[in-house]
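This is what each chain is made of:
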Amino acid sequence: MMPIWTKSGEKHAVTLLKVQDCHVLRYISKEESGGKTAKLLVGGKNVSPFSKPESAHEIFKEAGVPRKQKVTTFNVTDDAIIKPGTPLYAAHFRPGQFVDVTAKTVGKGFQGVMKRWGFKGQPASHGQTKTHRRPGAISTNKAAKVYRGKKMPGKMGNIYRTSFGLKVWRINTKHDIIYVNGSVPGHTNCLVKVKDSKLPTYKDCNKNPPFPTFFADGDEELPEDLFDEEIFQFTDPSVTFA
Amino acid sequence: RVSSDGKPPKFQPPPKPVIIDRKTQKEERRFLSPEFIPPRGRTDPLKYYIERKDMIQRRKVFNIPEFYVGSVLAVTTADPYASDKSKRFVGICIQRGGKGLGATFVLRNVIEDQGVEICYELYSPRIQAMEVLKLEKRLDENLTYLRDALPEYSTFDVNMKPVPRGDHEEIPVNKLQVRMKPKPWSKRWERPKYNIKGIKFELPEHKMKAAQKWCQPWLEFDMLREYDTSKIEEKIRKELNEELAK
């Protein structure tokens, strides 16, 4: 995470996400998948092919791509279908866009009720016998049972969670890095899924994004760094308030 | 000297002049700001490389001078609520923290009997000028104990003139021992964990001995705590010199 300053001098914290060897693996049509839209399987981050059996390599061999660590699905409209085997780059996103980021949260192991659900526990003194971090009562007398989904101690973390509506401040096309506002679930160097935001406030925020994606062998030549309009770039002199 | 046998003494040629090349010596002793050294961790080194590029970019446009904890600085920042739209603050640097772009330093001064500490970010675009009025080091890396010292040690004249310093001289170390206000202090500075050398403790002997109960002499032999940054520093220094020379 890094700080970023706007032209008015305000500081925002920013997370760096690297797009590492992402390729489209397979196209699944609407009828085949049984959903409302067509799907595209995308894989990220190359990994050695020797730790899995040959049967697991079929998808990758069809697309002509080395074995990937993670394969995810994206629901796609029919006009955004991409041929399997095309690489995806960070330039697919543009500064000023809003994005949802999904990842597995940091695993905390078996945790008690105070850390996992934020219960208040009991006082530390004034006669409490062996009861300081316990849940207390778990149901009423009339119910005569414990309801399903009662908050109790258990394994915490290591589940998929999404942060919605994160602004993209800057894109580095040379190293394929996306600068995303705020924090993102997961530990450092974990795998993360980045999608266009589904929030209704940001429905019309994308002005001319590269559609269906940014093709590296196309005619477009992008500069090494793409900045949002409000970012203070370090090539400018210091900020002054007129 | 007695001449041998009446003949004139043997001609001694004058000693050859020793040429000290000032330029090469200057480049060897170059200061590396502590926020460039990456901390120990599992982050990808690419992230530090990219952050360093941004820091070098900012240093090309705005001159961040060399300073240490204990030097007196004057910082002018842009302020939308001031009448001149800019604010100037003079103070002694108490501590330098943070790595990378978020590096900060705290300046302390006593203005009209009120102690004031301001934490500035080195790479913030609101800083318009930064000048070192007095460049010197102190006996400690962290001067937070000045909060519990007598106010005379933290007062600096707001209109102080910069102290002239010859180029390529050693940074002077001010071995000042500071006198403290009576206890209680904000932290127990006599304890060995803070390892402070710049205070003149006027506590009784038995209290100083009691404080040594908390010393942990095994810490200096702990190999897992060692972080040898010499090679990393060399690489970063070379990279910095190349980039700033462009």
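Residues numbered from 1 in each chain as written. Chains lettered and ligands numbered in written order. Predicted model: local features only at pLDDT ≥ 70, side-chain atom pairs only at ≥ 80, totals over all residues. Heavy atoms only, no water.

Looking at an unreviewed UniProt entry, chain B carries the name Large ribosomal subunit protein bL19m, with the source organism given as Daphoenositta chrysoptera. What the UniProt record of chain B gives under Subcellular location (unreviewed entry) is the line "Mitochondrion". The UniProt entry for chain B carries this comment under Sequence similarities (unreviewed entry): "Belongs to the bacterial ribosomal protein bL19 family." (UniProt positions renumbered as here; feature names shortened; annotations may be inferred.)

With an unreviewed UniProt entry as reference, chain A is termed Large ribosomal subunit protein uL3m, source organism Daphoenositta chrysoptera. The Subcellular location (unreviewed entry) comment attached to chain A in UniProt states, word for word, "Mitochondrion". UniProt's Sequence similarities (unreviewed entry) comment on chain A is quoted here verbatim: "Belongs to the universal ribosomal protein uL3 family."

Counting residues at the interface gives 26 residues for chain A and 27 residues for chain B. When chain A packs against chain B, close to 2200 Å² is buried across both sides, 63% of that on carbon and sulfur atoms. With a shortest N-O distance of 3.0 Å, Glu-224 of chain A and Lys-53 of chain B are connected by a salt bridge. At the boundary of chain A with chain B, the tally comes to 10 residue pairs in polar contact (both at pLDDT 80 or more). (Contact = heavy atoms within 4.5 Å. Buried area = accessible area lost by both parts, 1.4 Å probe. Salt bridge = Lys/Arg side-chain N within 4 Å of Asp/Glu carboxyl O. Polar contact = N/O pair within 3.5 Å; in protein donor to acceptor, adjacent residues only side chain to side chain.)

All names here are of chain A. Across 6 bridges, strand 7 (residues 98–104) lies against strand 10 (residues 160–172) in antiparallel orientation. Each residue of the ladder has a partner; that of Phe-98, found in strand 10, is Lys-167. By the bridge criterion, 4 bridges tie strand 10 to strand 11 (residues 177–181) in an arrangement that is antiparallel. Within strand 11, the position partnered with Val-168 by the bridge is Val-180. Counting the residues in the hairpin turn of strand 10 and strand 11 gives 4 residues, including Asp-176, whose phi is positive at 60 degrees. (Pairing = 2+ DSSP bridges. Helix = DSSP H or I, 4+ residues; strand = E, 2+ residues; numbered from the N terminus.)

Residues and elements named next belong to chain B. Taken residue by residue, chain B gives an average pLDDT of 89. The fraction at 70 or more is 94%. Within chain B, the element-level pLDDT minimum falls on helix 1 (residues 22–28), averaging 58, and the maximum on strand 3 (residues 104–111), averaging 95. Interface scoring of the predicted complex returns ipTM 0.89; its pTM is 0.85. (pLDDT = per-residue confidence, 0-100.)

Turning our attention to a negative patch on the surface. Negative charge collects at one region of the surface, where Glu-31, Glu-32, Asp-78 and Asp-79 of chain A lie side by side. Position of Asp-78 of chain A relative to the elements: it lies in the loop between strand 5 (68–76) and strand 6 (87–88). (Patch = residues over 30% accessible without salt bridge, like charges linked within 9 Å, V, L, I, M, F, W, Y side chains within 5 Å. Areas by Shrake-Rupley, 256 points an atom, 1.4 Å probe, with all protein chains shown as cover. Lys, Arg positive; Asp, Glu negative; His and termini not counted. Charge placed at Lys NZ, Arg CZ, Asp CG, Glu CD.)

Scanning the entire structure with this criterion turns up 10 aromatic pairs over all chains. An angle of 40 degrees between the planes, with centres 6.4 Å apart, marks the rings of Trp-185 of chain B and Phe-201 of chain B as tilted. Here Trp-185 of chain B, found in the loop between strand 7 (173–174) and helix 3 (205–211), pairs with Phe-201 of chain B, found in the loop between strand 7 and helix 3; they are 16 residues apart in sequence, far enough to count as distant. The class for Trp-185 of chain B is buried, based on a relative accessible area of 14%. With relative accessibility at 25%, the residue Phe-201 of chain B sits in the partly exposed group. Put simply, the rings of Trp-5, Phe-232 and Phe-234 of chain A pair up and form one aromatic cluster. Over the ring of Phe-74 of chain A we find Lys-193 of chain A; its NZ or CZ atom is 5.0 Å from the centre of that ring. One residue, Arg-96 of chain B, lies across the ring of Phe-67 of chain B, its end atom 4.1 Å from the ring centre. (Phe/Tyr/Trp six-rings, centres within 6.5 Å; stacked < 30°, edge-to-face > 60°. Buried < 20%, exposed > 50% of the residue type's maximum accessible area, 1.4 Å probe, protein only. Lys NZ or Arg CZ within 6 Å of the ring centre and 35° of its normal.)

In the sheet, strand 3 of chain B pairs with strand 4 (residues 114–121) of chain B via 8 bridges, with the strands oriented antiparallel. Among the inter-strand pairings, Leu-107 of chain B is bridged to a residue of strand 4 of chain B, identified as Ile-118 of chain B.

With that settled, the discussion passes to the pattern of salt bridges. Under the definition given, this model contains 21 salt bridges over all chains. Among the salt bridges present, the one from Arg-108 of chain B reaches Glu-117 of chain B, with a minimum N-O distance of 3.0 Å. The salt bridge involving Asp-222 of chain B is made with Arg-225 of chain B; its shortest N-O contact spans 3.5 Å. Salt bridges linked by common partners bring Arg-170 and Asp-225 of chain A together with Asp-54 of chain B together as one network.

Next up on the list: the domain arrangement of chain A. Along its sequence, chain A is organised into domain 1 (1–19 + 93–105 + 159–235), domain 2 (21–88) and domain 3 (108–122 + 133–156). Spacing between the C-alpha centres of domain 2 of chain A and domain 3 of chain A amounts to 41 Å. (Domains from an automatic or database assignment.)

All names here are of chain A. Tracing the backbone through its elements, the reader meets Pro-87 in strand 6. Residue classification places Pro-87 among the partly exposed positions, given a relative accessible area of 29%. C-alpha of Pro-87 to C-alpha of Asp-236: the two residues are 149 residues apart in sequence and 34 Å apart in space. With residues near it in sequence (within four places) discarded, Pro-87 still touches Cys-22 and His-23.

What follows deals with helix 2 (residues 45–61) of chain B. Between its terminal C-alpha atoms helix 2 of chain B stretches 25 Å, which fits the 24 Å expected from 17 residues at 1.5 Å a residue. All of the buried residues in helix 2 of chain B are Lys-47, Tyr-48, Ile-50, Glu-51, Arg-52, Asp-54, Met-55, Ile-56, Arg-58 and Arg-59 of chain B. Looking at the buried side of helix 2 of chain B, the elements it contacts are strand 1 (2–5), strand 2 (11–18), strand 10 and strand 11 of chain A together with strand 5 (127–134) and helix 4 (230–245) of chain B. (Expected span 1.5 Å × (residues − 1).)

Right, let's get into the sheet that holds strand 3 of chain B. All names here are of chain B. With respect to topology, 5 strands assemble into an open sheet ordered 4-3-2-1-5, the strand pairing being antiparallel. Looking at which strands have only one partner, the edges of the open sheet turn out to be strand 4 and strand 5. When the angles between neighbouring strand axes are averaged without regard to direction, this sheet yields 35 degrees. Examined bridge by bridge, strand 2 (residues 86–97) and strand 3 share 5 bridges and lie antiparallel to one another. Bridging from a neighbouring strand, Ile-92 pairs with Arg-108 of strand 3. (Axes fitted to C-alpha atoms, helices over the stretch in contact; angles between N-to-C directions.)

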